[in-house]
Amino acid sequence: MGPLQRMGPRKLLLASITTVSIFLHMFPHAHSETDAFPPEAADGPYASGPELSPGPALSVFDVDDYGASAGNDATEAFLRAWKEACNSSSDPSLFLVPGGKTYRLMPVSFTGPCRATTITAMIKGTLEAPSNRSVWLDRPSDLSERWIAFEDVDHLHVMGGGTINGNGHEWWINSCKVNKTMPCVRGPTALYFQSCEHLVVEDLQVRDSMQMHVVIAYSWKVLVSRLFVTAPGWSPNTDGIHVSNSRDVLISSCIISTGDDCISIVSGSAFVRATGIFCGPGHGISIGSLGANKSWAHVSDVLVEKATLVGTTNGVRIKTWQGGQGFAERITFQDIKMYNVTNPIIIDQNYCDSKTPCSEQESAVAIRNIRYSSIHGTSASKVAVNFICSKAVHCDGIVMQDVSLAGTGSYLTCSSLNARVMELGLISPYCRSDM
């Protein structure tokens, strides 16, 4: 039986009147990799959202038609529906998860490449992960760190207003960061995208992940928009959106409240723009950590703008390990409001997340051409600006313009070590360059 026969009148009508096409525009940067200054040139990618345009009828592959039912393990039904949607000769293709229902999913990977040149995963209902940790702990290590994965799928659009529920409570209470007697085990990411080009992820709620909520890895030309990401503030390692080894990424209009970084951008990433972000609680917006275990790392051309951070541990942070190599450069933080943030502006070139102290090393990831512009708000600690830079590789080309941070009943300070800082206009607190 073909997909049209399985649709029924209602879905056939939907298919005949609905069209979806995805077109992600990315404009190249005017500057080259050799441009040293100014860092505001790192304005990140620009992408338009999906557009509706005339085209062929949509082929709908409803998971219910493949045996999925609410409250039961729907993994195999989802995979059957995905296989037909991915291999459909009709274009575009719609993989549909109906609304008003909760489907239980075991760890699952939706893989390509697909015959359908554009495919939309319309998630209207709720997807719920098993709460039993043994589901992952009994799997091979390379399969134990993801719950729902999309791999090697180009022109993929994931949307629908539905909920991705990671059911992560058992992972949090058994984390070595919460219970020191437990072994440290990496938990799975709720929604993982790998090796995808022209990817759009929008209009979803991702909640209570076991570890990271959304990961973009080894992908190109990506738009992430209108996500509501939430987990308790005490939940460990529950980063909101994590970008790794990806280029031309736009993250916009997201609300992120978790127990770790709202957004983390790590090695291999370039031309990343985050705009219109609400963050709190959590650990703020971070570049890094970079250079762990003496590795070579690089992040460049990042713009974080129009963000609001409330009650976070950090505001905007760059963190690199001692002993690493590489660079973090052309990074701009601008038009940011902070309220009761503990470390509003921080660079830590001596980052050490270890049970044993990290000894001083003779190498470090270079940090250069960093700009802070139009940053206003309140600090929960006396040291509102803290540049902790390496003796071996100083922080170079830090520019501060229109930065105004106030405290509650105390005079705020800026601490600067091994950093070359330039101030333009009125800056509070004042930072003296020690170079």
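Here, the structure is the one placed above.
None of the values given here were measured: they were computed from a predicted structure.

A look at the overall build of the chain
For step 1, the next point in the chain: Per the secondary structure count, the chain includes four helices and 27 strands.
For step 2, the next point in the chain: The buried share among the 435 residues of the chain stands at 55%.
For step 3, the next point in the chain: Across the chain, the fraction of contacts at a sequence separation of at least 24, relative to all contacts at a separation of at least 6, is 76%.
For step 4, the next point in the chain: Split by element, the accessible area of the chain, about 17,700 Å² in all, is 52% carbon and sulfur.

A few points about the environment of Y66
For step 1, the next point in the chain: Locating Y66 in the fold gives a position in the loop between β1 (59-62) and α2 (75-86).
For step 2, the next point in the chain: For the pair formed by Y66 and R80, sequence separation is 14 residues and the distance between their alpha carbons is 6.6 Å.

Comments concerning the nonpolar core
For step 1, the next point in the chain: Counting residues in hydrophobic clusters, the biggest one holds 102 residues, and the most contacted among them are F78, F333, Y372, F387 and M400.
For step 2, the next point in the chain: Beyond its immediate sequence surroundings of up to four residues, F333 is in contact with I287, V304, V316, I318, I370, R371, Y372, S373 and I375.
For step 3, the next point in the chain: Of all hydrophobic cores here, the second largest spans six residues; its members include L58, V60, L94 and M159.

Some remarks on the pattern of salt bridges
For step 1, the next point in the chain: Applying the stated rule across the entire model yields 13 salt bridges.
For step 2, the next point in the chain: With its nearest N and O atoms 2.8 Å apart, the salt bridge here joins E305 to R273. With E305 in strand β19 (residues 296-310) and R273 in strand β17 (residues 269-279), this pair connects stretches of sequence that are 32 residues apart.
For step 3, the next point in the chain: With relative accessibility at 19%, the residue R273 sits in the buried group.
For step 4, the next point in the chain: D396 is the salt-bridge partner of R420, the closest N and O atoms lying 2.8 Å from each other. Here the residue R420 occupies a position in strand β27 (residues 419-428), and D396 occupies one in strand β25 (residues 395-406), the gap between them amounting to 24 residues.
For step 5, the next point in the chain: What makes R420 partly exposed here is its relative accessible area of 40%.
For step 6, the next point in the chain: Accessibility expressed as a relative area gives 34% for D396, which makes it partly exposed.
For step 7, the next point in the chain: Salt bridges sharing common partners tie together D301, E329, R330 and R368.

Overview of the sheet that holds strand β4 (residues 108-111)
Pairing between the strands of a sheet is mediated by backbone hydrogen bonds and can be parallel or antiparallel.
For step 1, the next point in the chain: With parallel pairing, eleven strands are arranged side by side in an open sheet as β4-β7-β10-β12-β14-β16-β18-β20-β22-β24-β26. Sheet topology places β4 and β26 (413-417) at the edges, where each strand pairs with a single neighbour. For this sheet, the mean angle separating the axes of adjacent strands, direction not counted, is 15°.
For step 2, the next point in the chain: Bridge analysis of strand β12 (residues 214-217) against strand β14 (residues 241-244) gives four bridges, and the strand direction is parallel. If you follow I216 over to β14, its bridge partner there is V243.
For step 3, the next point in the chain: Strands in contact with α2 are β4 and β7 (146-151); relative to β4, the strand with the most contacts, it is inclined by about 5°.

Re the packing of aromatic side chains
For step 1, the next point in the chain: The full count for this structure, using the stated rule, is 14 aromatic pairs.
For step 2, the next point in the chain: Between W321 and Y351, the ring centres sit 5.3 Å apart and the planes meet at 85°, which makes this aromatic pair edge-to-face. Of this pair, W321 sits in strand β20 (residues 314-321) while Y351 sits in strand β22 (residues 343-351); the two residues are 30 residues apart in sequence, bridging distant segments of the chain.
For step 3, the next point in the chain: The buried category is assigned to W321, whose relative accessible area is 16%.
For step 4, the next point in the chain: A ring pair is formed by Y372 and F387, whose centres lie 6.0 Å apart and whose planes are at 35°; its orientation type is tilted. Residue Y372 is located in strand β23 (residues 366-379), and its partner F387 is located in strand β24 (residues 383-388); the two are separated by 15 residues in the primary sequence. For the pair Y372 and F387, a shared accessibility class is recorded, and that class is buried.
For step 5, the next point in the chain: Feature note: the residues F78, W82, F95, Y103, F110, F150 and F193 constitute an aromatic cluster, connected by ring pairs.

Quick notes on the state of the cysteines
For step 1, the next point in the chain: This model, assessed by the stated rule, comprises five disulfides.
For step 2, the next point in the chain: Bridging C389 to C395, the disulfide has an S-S length of 2.0 Å. In this structure, the disulfide formed by C389 and C395 twists by about -100° around the S-S bond and is classed as left-handed. Comparing C389 with C395 shows no difference in burial state: the two are buried.
For step 3, the next point in the chain: In this structure C196 is not part of a disulfide, and its nearest cysteine sulfur, from C114, lies 9.3 Å away.

Here's the deal with the pairing of β4
For step 1, the next point in the chain: Only one face of β4 is covered, namely the face carrying V108 and F110; the face carrying S109 and T111 is uncovered.
For step 2, the next point in the chain: Of the pairings in the sheet, the one linking β4 to β7 comprises four bridges and is parallel in character. In the sheet register, T111 faces β7, and the bridge partner there is E151.

Some words on unusual backbone geometry
For step 1, the next point in the chain: Following G280, the chain continues to P281 via a peptide bond in cis, the omega torsion being 0°.
For step 2, the next point in the chain: With respect to the secondary-structure elements, P281 resides in the loop between β17 and β18 (285-290).
For step 3, the next point in the chain: Going from G288 to S289, the amide bond is cis rather than trans, its omega being 20°.
For step 4, the next point in the chain: Along the chain, S289 turns up in strand β18.
For step 5, the next point in the chain: If you check the backbone angles, D208 has positive phi at about 50° while not being a glycine.
For step 6, the next point in the chain: Relative to the helices and strands, D208 resides in the loop between β11 (197-207) and β12.
For step 7, the next point in the chain: A positive phi angle, near 60°, is found at D301, a position not held by glycine.
For step 8, the next point in the chain: For D301, the position within the fold is in strand β19.
For step 9, the next point in the chain: Relative accessible area serves as the criterion here: at 0%, D301 is assigned to the buried category.

Criteria and thresholds
- Residues numbered from 1 in each chain as written.
- Predicted model: local features only at pLDDT ≥ 70, side-chain atom pairs only at ≥ 80, totals over all residues.
- Heavy atoms only, no water.
- Helix = DSSP H or I, 4+ residues; strand = E, 2+ residues; numbered from the N terminus.
- Buried < 20%, exposed > 50% of the residue type's maximum accessible area, 1.4 Å probe, protein only.
- Contact = heavy atoms within 4.5 Å.
- Areas by Shrake-Rupley, 256 points an atom, 1.4 Å probe, with all protein chains shown as cover.
- Core = buried A, V, L, I, M, F, W, Y, C linked by side-chain atoms within 4.5 Å.
- Salt bridge = Lys/Arg side-chain N within 4 Å of Asp/Glu carboxyl O.
- Pairing = 2+ DSSP bridges.
- Axes fitted to C-alpha atoms, helices over the stretch in contact; angles between N-to-C directions.
- Phe/Tyr/Trp six-rings, centres within 6.5 Å; stacked < 30°, edge-to-face > 60°.
- Disulfide = S-S within 2.5 Å.

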